[in-house]
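Structural overview for review
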Amino acid sequence: MAELESPGVMPKLIAFLSSLLERVAESNDLTRRVTTQSQRVSVFHGLSRPTITIQSYLERIFKYANCSPSCFVVAYVYLDRFTHRQPSLPINSFNVHRLLITSVMVSAKFLDDLYYNNAYYAKVGGISTKEMNLLELDFLFGLGFDLNVTPNTFHAYFSYLQKEMTLLQPLSLVVAPPRSVSAFNEDEASHQKQQLAV
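These notes cover the structure that comes with them. Bear in mind that the values here come from a model prediction, so they are computed numbers and not experimental data.

This brings us to empty space enclosed by the protein. One pass over the structure, following the stated rule, counts one cavity of 30 Å³ or more. Counted as a void, the largest cavity has a volume near 40 Å³. Looking at the lining of the largest cavity, the elements with two or more residues in it are helix 2 (9-34), helix 4 (70-85) and helix 5 (96-111). For the lining of the largest cavity, the element with the most residues is helix 4, which contributes four residues. Of the residues belonging to the lining of the largest cavity, the class tally is eight nonpolar, one polar and no charged.

Here's what the structure looks like:
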């Protein structure tokens, strides 16, 4: 999409995606503490919360991965699919960074003609190559190897992100409670609100 190539769009997209993922992670962290709802620990879970913010991590990935801007929209689609197929593995502050680097890497490999190898993405993500390989494999199985994103699905997710980005105010001025995240049913042309593994 040509809109993604416009200057200034990617910083807004990264800001919105990071804000969205931060709200989801915080909400799931709170849910885990308050309820006895079991959340499976997976290869995506770190031993501690990373010190780098989600936004800084996404900016780092964008700066060094050199993948097409569309990869970030497709990575968002993959994260949505993953959380729906793996409800016992909701996005939280212990796994969001590893899920992000993995989803962007997988989307770059699927979409782009030229992409870096796993060792490079591991370096960008601050993890070992062995761990990156394991994350990729687990992510692909978690998605059921469903990597194809139809133009209609891409447009639906991008339109949602675009609409939300236009509403995005400077993040330092916005204090909003966590809310549910929109997800789209890929089998229908209409947008239906669902809750994203919260």
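Below, the discussion takes up the packing of helix 4 against helix 5. With their axes 8 Å apart at the nearest point, helix 4 and helix 5 run at an angle of 120° to one another. Comparing the axis directions of helix 4 and helix 5 gives the class oblique. For the pair helix 4 and helix 5, the crossing hand works out as right-handed. Packed against helix 4, whose contacting residues are S70, C71, F72, V74, A75, Y78, L79 and F82, the element helix 5 presents L99, L100, S103, V104, V106, S107, A108, F110 and L111 at the interface.

On to unusual backbone geometry, then. Comment: phi is negative for the bulk of residues other than glycine, and the bulk of peptide bonds are trans. Of note in this structure, N66 is not a glycine but carries a positive phi near 50°. Even without a glycine there, the phi angle at F145 is positive, about 60°. Along the polypeptide, F145 turns up in the loop between helix 7 (129-142) and helix 8 (151-167).

It is worth spelling out the side chain of T102 at this point. By secondary structure assignment, the location of T102 is in helix 5. Among the polar contacts listed, one links the side chain of T102 to the backbone oxygen of R98, at a separation of 2.7 Å. In this structure T102 touches F44, M132, L135, E136 and F139, once residues within four positions along its chain are discounted.

Quick notes on the rules
Residues numbered from 1 in each chain as written. Predicted model: local features only at pLDDT ≥ 70, side-chain atom pairs only at ≥ 80, totals over all residues. Heavy atoms only, no water. 1 Å grid on protein atoms, 1.4 Å probe; cavity = no way out; pocket = protein on both sides within 12 Å on 5 of 7 lines; lining within 4 Å. Points joined across faces, edges and corners; volume = space filled by probe spheres on them. Helix = DSSP H or I, 4+ residues; strand = E, 2+ residues; numbered from the N terminus. Nonpolar A, V, L, I, M, F, W, Y, C, P; charged D, E, K, R; others polar. Axes fitted to C-alpha atoms, helices over the stretch in contact; angles between N-to-C directions. Parallel < 35°, antiparallel > 145°, perpendicular 65-115°, else oblique. Left-handed = near helix turned anticlockwise from the far one by under 90°. Contact = heavy atoms within 4.5 Å. Polar contact = N/O pair within 3.5 Å; in protein donor to acceptor, adjacent residues only side chain to side chain.

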